[in-house]
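Remarks on the overall topology
As a plain string of letters, each chain reads:
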Amino acid sequence: MARRVAVPAGPLGDDFSFVSPVAKYVLFFFNLLFWVISMVMVAVGVYARLLKHAEAAMACLAVDPAILLIMVGVLTFLITFCGCIGSLRENICLLQLFSVCLTIIFLLQLAAGVLGFVFSDEARGKVSEIINGAIVHYRDDLDLQNLIDFGQKEFSCCGGVSYKDWSQNMYFNCTATNPSRERCSVPFSCCLHDPDQAVINTMCGHGMQARGYLEASAFIHTNGCIDKLVNWTHSNLFLLGGITLGLALPQLVGIILAQLLINQIRDQIKLQLYNQQHRADPWY
C-alpha cells in the first residue's frame, strides 16, 4: 500500500512574515545612532551661532563653521528620521526616500573625489578662494579664528600662498593708512614654535609682513597653507582612502539594508493579499 504525503493546499498562516526582524531592527538602531548624533550637531551649531555678535555673525556667514555644522546636522537628521520611522513602521515610501537620499549623497561624494583628482588645478583654486575668504573674516568669528590657528600650527604654514596673504585682512593690512595696532602683522599661529618657551607670545608675528621672506623665515612660517595641504594630501593618500571608505561603508550598509527591507515588505504585502483572496473564496 502506497504511503500518502499530506501537502498543505491553503495559504501560509497569519503569523508568518517575510520581514526579517534582524534587518528591521539593525536598520532602526543604525539610523537611531546617527539621528542622535545629528541632533547633537545641530544643538552645538545653534549654540555657537547664538554666542556670536549679530553683525559679525552675518558678515562671515559663508565661512562660518557653525553654519556648516547646522546644515550637515539638519540633513543627517531628516535622512535618518526617514530611516528610523520607515524601518520601525515598515513604510516603503520612507525607506525608499531614505535609500534614494543616501545613494545621491554617496554618488556626490564619489563625483567630488573624482573631479577633485581630475581637475586638481580648479580644486586648488577653489581651496585658495575659501582660504582667502577665511583670512578676510579672521577676526569676525572666534570659531573661524580658532580653526585657522589650528590649521596653521598643524601644517606649519601661514596664509594661503604666503604669509603676505594676511594683508587681505583689514586688521593685518600693510597699507600706510591702516590705523590698526596689528598693521603688517600675522597671527601668532604663524610663528615658529620654541619648545623652551612655556608661555605663547601672541605678538611674535608683529610687523612680519614688512620683512622679506628670508628675514621673516627666522621668526615665522613663510610658506602658504595651500602647498602644505596639497603635499600632506599626496603623502597621506592611504589615510584619506581609509577615511573615505569609513564614511562610505555605513552609507552602503544603510542602502543595502533599506532595499532588503523594502523587498521583504513587498513580499509580505503580496502574502497578505493572497491570504485575503483565499479567505474570500467560498471553497477555502
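Thresholds, definitions, all that
Residues numbered from 1 in each chain as written. Predicted model: local features only at pLDDT ≥ 70, side-chain atom pairs only at ≥ 80, totals over all residues. Heavy atoms only, no water. Helix = DSSP H or I, 4+ residues; strand = E, 2+ residues; numbered from the N terminus. Contact = heavy atoms within 4.5 Å. Core = buried A, V, L, I, M, F, W, Y, C linked by side-chain atoms within 4.5 Å. Buried < 20%, exposed > 50% of the residue type's maximum accessible area, 1.4 Å probe, protein only. Disulfide = S-S within 2.5 Å. Salt bridge = Lys/Arg side-chain N within 4 Å of Asp/Glu carboxyl O. Expected span 1.5 Å × (residues − 1). Arc of directions from axis to C-beta. Axes fitted to C-alpha atoms, helices over the stretch in contact; angles between N-to-C directions. Left-handed = near helix turned anticlockwise from the far one by under 90°. Nonpolar A, V, L, I, M, F, W, Y, C, P; charged D, E, K, R; others polar. UniProt positions renumbered as here; feature names shortened; annotations may be inferred. Phe/Tyr/Trp six-rings, centres within 6.5 Å; stacked < 30°, edge-to-face > 60°.

Re the side chain of D165
As for its position among the elements, D165 is in the loop between α6 (142-155) and α7 (213-216). Dropping the residues within four chain positions of it, D165 is found in contact with N132, I135, G159 and G160.

Let's talk about the nonpolar core
One finds I148, C158, Y163, W166, V186, C190 and I220 to be the most contacted residues of the largest nonpolar core, which totals 15 residues. Broken down by secondary-structure element, the contributors of at least two residues to this core are α5 (120-136) and α6. Once residues lying within four places of it in the same chain are set aside, the contact partners of C190 are Q152, C157, C158, W166, I220 and H221. Among the nonpolar cores identified, the runner-up in size contains 14 residues, and V19, L95, A258 and I262 belong to it.

A word on the state of the cysteines
Enumeration according to the criterion identifies 4 disulfides in this entry. Each sulfur of the disulfide joining C157 and C225 lies 2.0 Å from the other. Measuring the twist about the S-S bond at about 90°, one finds the C157-C225 disulfide to be right-handed. Placement of C157 in the loop between α6 and α7 and of C225 in helix α8 (residues 225-235) is noted, with a sequence separation of 68 residues between them. Taken as a pair, C157 and C225 share a single burial class, namely buried.

Details of the pattern of salt bridges
A pair can form between side chains of opposite charge whenever their charged atoms are brought close. If you walk through the whole model with that rule in mind, you get 4 salt bridges. Two residues, E182 and R139, come together in a salt bridge whose shortest N-O distance is 2.4 Å. One end of the pair, E182, is in the loop between α6 and α7; the other, R139, is in the loop between α5 and α6, and 43 residues separate them in sequence. With its nearest N and O atoms 3.9 Å apart, the salt bridge here joins E215 to R211.

Let's talk about α6
Over its 14 residues, α6 extends 20 Å from the first C-alpha to the last, a length consistent with the 20 Å expected when each residue adds 1.5 Å. All of the buried residues in α6 are L144, Q145, I148, D149, G151 and Q152. On an axial view of α6, the arc spanned by its buried residues comes to 160°, and they lie on one face. Relative to its buried face, α6 has exposed residues pointing more than 90 degrees away, namely L142, F150 and E154. At its buried positions, α6 is contacted by α3 (65-89), α5 and α8.

Side note on the packing of α3 against helix α4 (residues 92-118)
Running from amino to carboxyl end, α3 crosses α4 at an angle of 145°, the nearest separation of the two axes being 8 Å. Judged by the twist between their axes, the crossing of α3 over α4 is left-handed. Contacts from L75, I79, C82, G83, I85, G86 and S87 in α3 reach L94, L95, L97, F98, C101, L102 and I105 in α4. Partitioned by chemical class, the residues of the contact of α3 with α4 number 11 nonpolar, 3 polar and no charged.

Quick notes on the UniProt feature "transmembrane region" (unreviewed entry) in the protein chain
Listed under "transmembrane region" (unreviewed entry) in the UniProt record, and renumbered for this structure, are residues 25-48, 60-88, 94-119 and 237-262. With 100% helix and 0% strand, the stretch residues 25-48 has end C-alpha atoms that lie 34 Å from each other.

Examining the packing of aromatic side chains
Inspection of the entire model under this criterion finds 10 aromatic pairs. Between F30 and F34, the ring centres sit 5.3 Å apart and the planes meet at 55°, which makes this aromatic pair tilted. Here the residue F30 and the residue F34 both occupy positions in helix α1 (residues 21-50), the gap between them amounting to 4 residues, near one helical turn. Judged by relative accessible area, F34 falls into the partly exposed class, the value being 30%. Pairing Y138 with W166 gives two aromatic rings, centres 4.9 Å apart and planes at 80°, and the pair type is edge-to-face.

Details of unusual backbone geometry
If you check the backbone angles, E90 has positive phi at about 55° while not being a glycine. One can find E90 in the loop between α3 and α4. Since its relative accessible area comes to 31%, E90 is described here as partly exposed. One non-glycine residue, S156, lies in positive phi territory at about 50°. You can see S156 is positioned in the loop between α6 and α7.

What about α1?
An ideal rise of 1.5 Å per residue puts 44 Å on 30 residues; α1 measures up with 43 Å between its terminal C-alpha atoms. For α1, every residue scored as buried is listed here: A23, K24, L27, F28, N31, S38, M41, G45, A48 and R49.

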